[in-house]
Amino acid sequence: MVSNSYLLTETCKFKLEPTEGQKLLLEELMEAYCEMVKECLEAALRLGVTSRKRLHKSIYKKLRAEYQHYPSHYIYTAITKALGIFKSYRRLSRRRNVKPPEVKALRTVLLDDAHLFWFSWGKLKLATHRGHITIPFKVHEHAEKFKDWEVKGSRLVKNGDEYYLHVTFRKTVEMRRPEGLLGIDVNEKSIDLAIVKPDKVEFIKIDISEAKHIRDRYFRKRRSIQSRTSGKTRSRLLAKYSGREKRRVNAILHKTSKIIAEIVKREKVIPVVEELKGIRERIRYAKRMNRRLHSIPFRKIQFYISYKSMEHGFKPESVKAKNTSRTCPICGEINKPNGHIFKCRRCGFQADRHLTAAWNIAAKLSMWGASPLPPKAPHEPLTIEVKGKG
């Protein structure tokens, strides 16, 4: 029997506002948890076990004696954390030589257990070695949508001198009946959309060239830093500007994916994206062009579009994108690329090359068989420009 619903999981971050005394407790908790994970990982490496039951049996009593003032469930989550690190190491070691992992410092404590935390909107109740403490936090606008979601688990994260709570929410979403498809073609300066329904085809071009300009500016800035500095100064500056670039580009991608999700909701269409497997290997141009195209965050864009569309009841599908920018969506003739305008030598169809690709991507997941007739002016799409802050 085919299910008409799916389980959607998302994570939201909250900045905690602990007192100075609570910060000391959290620091002690972080240090003790790091040691727990370290001992669990050493045991896993020594015994070569990936079984939670076997690792628990070999290490639990020792850790319980050492950390008797801490709630025992911290040991359970420390075992989970250590096994995750060990399994990743095992997978990597099958492909290449890698050094055994070490735990020198941890910035995260897993709280995936109802015995360790109690979440309510505006405050966190946390079990510690000194009893329960209640830490307030502000609920930001983005978090409002999660108020009717179920809390699945959380993590306590330290960043510098600040503490954050990463809460994982989940919700069962009913799949909605689609009325069409939304072909999505991701490019360097735009994300091109084709709304394909039995009676119409509409094109939308979302201008994300600001993201390209940001990447180019920070590329030049990093190159300047690398040529003028060295050592810790270079590392600090590179990390600083890399973080800035990521935040600014992400802001544009979030805005863009929100626009696309609203189109999905309004038009009641299934998003169709291209398969990404091997996409980096397919990008083979001159050095400068390779650098530009490899910097496009294809997977991140698809991820943002995916979860925001799924919130509205439409789960994205993926198709192979071979020849999507070369195939005529009307007659199926494969044409050689010729600039930004696609021209079919067989039937005379003409449109923007990227929009044509978006139409072909949707057509590969055909719901009705034959494609609908083209609109009168397919080369004149609605254009939306997306910019970052300021």
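Above this text is the structure in question.
Since this is a predicted model, take the numbers as computed values, not measurements.

**Q** Explain the nonpolar core here, please?
**A** Most often, soluble globular proteins have nonpolar side chains that are buried together. In this structure, Tyr33, Tyr74, Leu111, Leu126 and Leu156 are the most contacted members of the largest nonpolar core, which totals 56 residues. Here this core takes 13 residues from helix 1 (residues 20-47), the largest share from any one element. Ignoring any residue separated from it by four or fewer positions in sequence, one finds leucine 126 in contact with Leu26, Leu29, Tyr74, Leu111, Leu116, Phe117, Gly131, His132, Ile133 and Leu156. Of all hydrophobic cores here, the second largest spans 31 residues; its members include Ile184, Ile214, Ile225 and Leu276.

**Q** Sorry, what's going on with the sheet that holds strand 4 (residues 123-128) here?
**A** What links the strands of a sheet is backbone hydrogen bonding, and the strands pair in either a parallel or an antiparallel sense. Pairing is antiparallel across the open sheet formed by three strands, whose spatial order is 3-4-5. Lying at the two open borders of the sheet, with one neighbouring strand each, are strand 3 (117-120) and strand 5 (131-136). Taken pair by pair, the neighbouring strands of this sheet meet at an average axis angle of 15°, ignoring direction. When strand 4 meets strand 5, the two strands line up antiparallel, connected through six bridges. Looking across to strand 5, one finds that alanine 127 is bridged to histidine 132. The sheet strands contacting helix 1 are strand 4 and strand 5, and the helix crosses strand 5 at an angle near 120°.

**Q** Quick question: what am I supposed to make of unusual backbone geometry here?
**A** For residues besides glycine, phi is generally negative; the peptide bonds are generally trans as well. Although it is not a glycine, lysine 268 adopts a positive phi angle of roughly 55°. Locating lysine 268 in the fold gives a position in the loop between helix 5 (231-267) and strand 11 (269-274). Judged by its relative accessible area of 30%, lysine 268 falls in the partly exposed class. Residues other than glycine seldom take positive phi values, yet asparagine 323 does so here, at roughly 65°. Along the chain, asparagine 323 turns up in the loop between strand 12 (317-319) and strand 13 (341-343).

**Q** Got a minute to help me understand the pairing of strand 7 (residues 162-174) in this structure?
**A** Along any regular strand, the residues point their side chains to alternate faces of the sheet. Looking at chain direction, strand 1 (residues 5-15) and strand 7 are connected through eleven bridges and run antiparallel. Its bridge partner being in strand 7, tyrosine 6 is matched across the sheet by valine 173. Looking at chain direction, strand 6 (residues 150-159) and strand 7 are connected through nine bridges and run antiparallel. By the bridge assignment, valine 151 is partnered in strand 7 with phenylalanine 169.

**Q** Where do I start with the sheet that holds strand 7 in this structure?
**A** The four strands lie next to each other as 1-7-6-2, forming an open sheet whose pairing is antiparallel. If you trace the sheet from one side to the other, it starts and ends with strand 1 and strand 2 (108-110), each paired once. With direction set aside, neighbouring strand axes in the sheet form an average angle of 20°.

**Q** Help me out: how do you make sense of the side chain of threonine 77 in this one?
**A** Examined against the element boundaries, threonine 77 turns out to sit in helix 3 (residues 73-95). At a separation of 3.2 Å, a polar atom in the side chain of threonine 77 contacts the main-chain carbonyl oxygen of leucine 110. Every residue in contact with threonine 77, bar those within four places of it in the chain, is listed here: Tyr33, Leu110, Asp112 and Leu116.

**Q** I tried to follow the packing of helix 1 against helix 3 on my own but got confused; where do I start?
**A** A pair of packed helices can be characterised by two numbers: the angle between their axes and the separation between those axes. One can describe the packing of helix 1 onto helix 3 by two numbers: an axis separation of 8 Å at closest approach and a directional angle of 50°. Between helix 1 and helix 3, the angle is such that the two are oblique. Here helix 1 and helix 3 pass one another in a crossing that is right-handed. Here Leu29, Tyr33, Met36, Val37, Cys40, Leu41, Ala44 and Leu45 of helix 1 lie close against helix 3, whose contacting residues are Tyr74, Ile75, Thr77, Ala78, Ile79, Lys81, Ala82, Ile85, Phe86 and Tyr89.

Each value, and the rule that gives it
Residues numbered from 1 in each chain as written. Predicted model: local features only at pLDDT ≥ 70, side-chain atom pairs only at ≥ 80, totals over all residues. Heavy atoms only, no water. Core = buried A, V, L, I, M, F, W, Y, C linked by side-chain atoms within 4.5 Å. Buried < 20%, exposed > 50% of the residue type's maximum accessible area, 1.4 Å probe, protein only. Helix = DSSP H or I, 4+ residues; strand = E, 2+ residues; numbered from the N terminus. Contact = heavy atoms within 4.5 Å. Pairing = 2+ DSSP bridges. Axes fitted to C-alpha atoms, helices over the stretch in contact; angles between N-to-C directions. Polar contact = N/O pair within 3.5 Å; in protein donor to acceptor, adjacent residues only side chain to side chain. Parallel < 35°, antiparallel > 145°, perpendicular 65-115°, else oblique. Left-handed = near helix turned anticlockwise from the far one by under 90°.

Function cannot be inferred from these measures alone, as they are strictly geometric.
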